[in-house]
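Here's the letter readout for the chains.
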Amino acid sequence: MRAARFRPRRSLAVALSIAWLGAGCGGPSDEPRPPPNLVLVSIDTLRADHLGTYGYPWPTTPAIDRLARDGVLFRTFVSHSPSTLPAHASLLTSLLPHHHSASVPKGLMVSPRVPTLAEVLREAGYATASFNGGIQLDASFGLDRGFDTYESSRSAEDRPETLVGPETKLSHAVRRGMEWIESVDGPFFVFLHSYEIHHPYTPDPRWLDVFESDYRGLVPDSVSVQLLKQINRGARPVTWADIRHIAATYDAELRSSDRALRDLVAFLKERSLWDDTIVVLVSDHGEEFAERKSVGWHSHTLFDELLLVPAVVKFPTSAHAGRIVREQVRGIDLAPTLLAALELEAPPQFSGRDLGPLVAGQPASDLPAVGRRDKKSDPDSLGIRTGRWKLHNEQLFDLARDPRETVNVAAQLPHVVEELSTRHREIVEARAPAATVGTDTPAEVIEQLRALGYVD
Ligand SMILES: [Zn+2]
């Protein structure tokens, strides 16, 4: 049934011999390959610099590091929002938050006028499914559109402070994904997502032992949202050792997620699906560990610890294995890149660019990334990042000299502020925001959002 619905843009044998990803593919005499599958894994709240392959000194991600050696690593991948819904909506619609309109505090879903990656793939004959952590990805926010199956896991403990228990781990989404893959015929797209490393941090002790052995402080090995709130409003003083301990609990959960990714890769290889499947590892936003004033928190600034996320793409037949793209690329570029690699046309509404030529080594101009916080009203949310400069909340940072964004140089360089403000305005005004539609979010999801501090 699925194969009958599949409508490739041109015959796959021809397509694969001429596509840019052909370097590393077989020659024209090879058997035609089946249409590639797509597995998109999002580990929520994963900042890029906590992965081994992005230079972290602790062993958090051996499986992701191996995936990067088989694939292409995007060194400077910029998310468009430090919040789950708008950032994922940008990944899946190739539109800025200004244009896809999805917002939790405003109670707006992804505009129904906006095509999604899942819709394009389903239309092309793919079986589509998502196994995700819900809450900001709850179907009521509209990212279920285009998926034949859309399953959001719930915590076993029916309490507002959720995100604990086996159902919230990536291993759960991976297991459900593997079961689903075994049930479908023809090409498939599966989007797997987990809040495993999102606060509260509840690491398995065996993984926590990998990241620390001599902590003697007062912060427990399970770090609750309540405790993080106390720390962040100054009601609970912490030392640098405490902060390092909290980061270790996050790292330990990341190591657990990495183990699930290892199992997924092993499954695809065992089923002989590896060579014909694009595997993507990405995240929606990072996490703060005292770079500014907060620990274990996100969604409230546009600094790079919250916007730089990992992006690894393993292409069919591991084309371009080991390549590292250092140029700045953006969340909106992911979906067009994946569709091009699948030899499918992107809808005209998609606003990102295909990164294929960049991966193949062709020079490309630096395109600025525009982002904003997900707030009810956010008058100072102007945020724009180029390879060199970052302007947000009326502060300008020279990323070449000051990658940690510590010295505001706006007063010294008003012409740069002006130029970036103009580019920001041009980008935002280049298209109208999609028509907004209010959500009908279930009460228990609103309670979870409240417990996590996302709505009042
Ligand atoms: Zn998130």
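Note that the structure is predicted; figures quoted are calculated from it, not measured. (Residues numbered from 1 in each chain as written. Predicted model: local features only at pLDDT ≥ 70, side-chain atom pairs only at ≥ 80, totals over all residues.)

Would you explain the nonpolar core in this entry?
Side chains of nonpolar character tend, in soluble globular proteins, to be buried together. Among the nonpolar cores identified, the biggest contains 122 residues, and Val 190, Val 280, Val 312 and Leu 338 are the most heavily contacted of them. For this core, the leading source of residues is helix H10 (residues 240-270), giving eleven residues. Once residues within four sequence positions are removed from consideration, Val 280 is found in contact with Val 39, Leu 40, Val 41, Val 312, Val 313 and Leu 338. (Core = buried A, V, L, I, M, F, W, Y, C linked by C-beta atoms within 7 Å. Buried ≥ 20, exposed ≤ 12 C-beta atoms within 10 Å, placed from the backbone. Helix = DSSP H or I, 4+ residues; strand = E, 2+ residues; numbered from the N terminus. Contact = placed C-beta atoms within 7 Å.)

So what exactly am I meant to see when it comes to unusual backbone geometry here?
Most peptide bonds are trans, and most residues other than glycine sit at a negative phi. The omega angle of the peptide bond from His 199 to Pro 200 is 0°, so this bond is cis rather than trans. A positive phi angle, near 65°, is found at His 320, a position not held by glycine. As for its placement among the helices and strands, His 320 is situated in the loop between strand S10 (311-314) and strand S11 (323-330). Unusually for a residue other than glycine, Glu 405 sits at a positive phi of about 55°. Mapped onto the elements of the fold, Glu 405 is located in the loop between strand S15 (395-398) and helix H14 (414-429).

When you look at the sheet that holds strand S14 (residues 389-392) in this model, what are you seeing that I'm missing?
The strand order across the open sheet formed by four strands is S12-S13-S14-S15, and the pairing between neighbours is antiparallel. Strands with a single pairing partner mark the edges of an open sheet, and in this sheet they are strand S12 (369-371) and S15. Across the sheet, the axes of successive neighbouring strands diverge by a mean angle of 15°, strand direction being ignored. Taken together, the three bridges between strand S13 (residues 383-385) and S14 define a ladder with antiparallel strand orientation. (Pairing = 2+ DSSP bridges. Axes fitted to C-alpha atoms, helices over the stretch in contact; angles between N-to-C directions.)

Is there a simple way to think about the confidence of the model for the protein in this case?
Mean pLDDT for the protein: 90, with 91% of residues reaching 70 or above. pLDDT under 50 marks residues 1-29. Its contacts with residues more than four places away, or in other chains, come to 52 contacts. (pLDDT = per-residue confidence, 0-100.)

Please explain the environment of Tyr 201 as it appears in this structure.
Structurally, Tyr 201 is set in the loop between strand S5 (188-194) and helix H8 (205-211). Each C-alpha atom of the pair Tyr 201 and Leu 302 lies 23 Å from the other, and the pair is 101 residues apart in sequence. Ignoring sequence-local partners within four residues, the contact set of Tyr 201 consists of Ser 222, Val 223, Ile 246, Thr 249, Tyr 250, Glu 253 and Gly 296.

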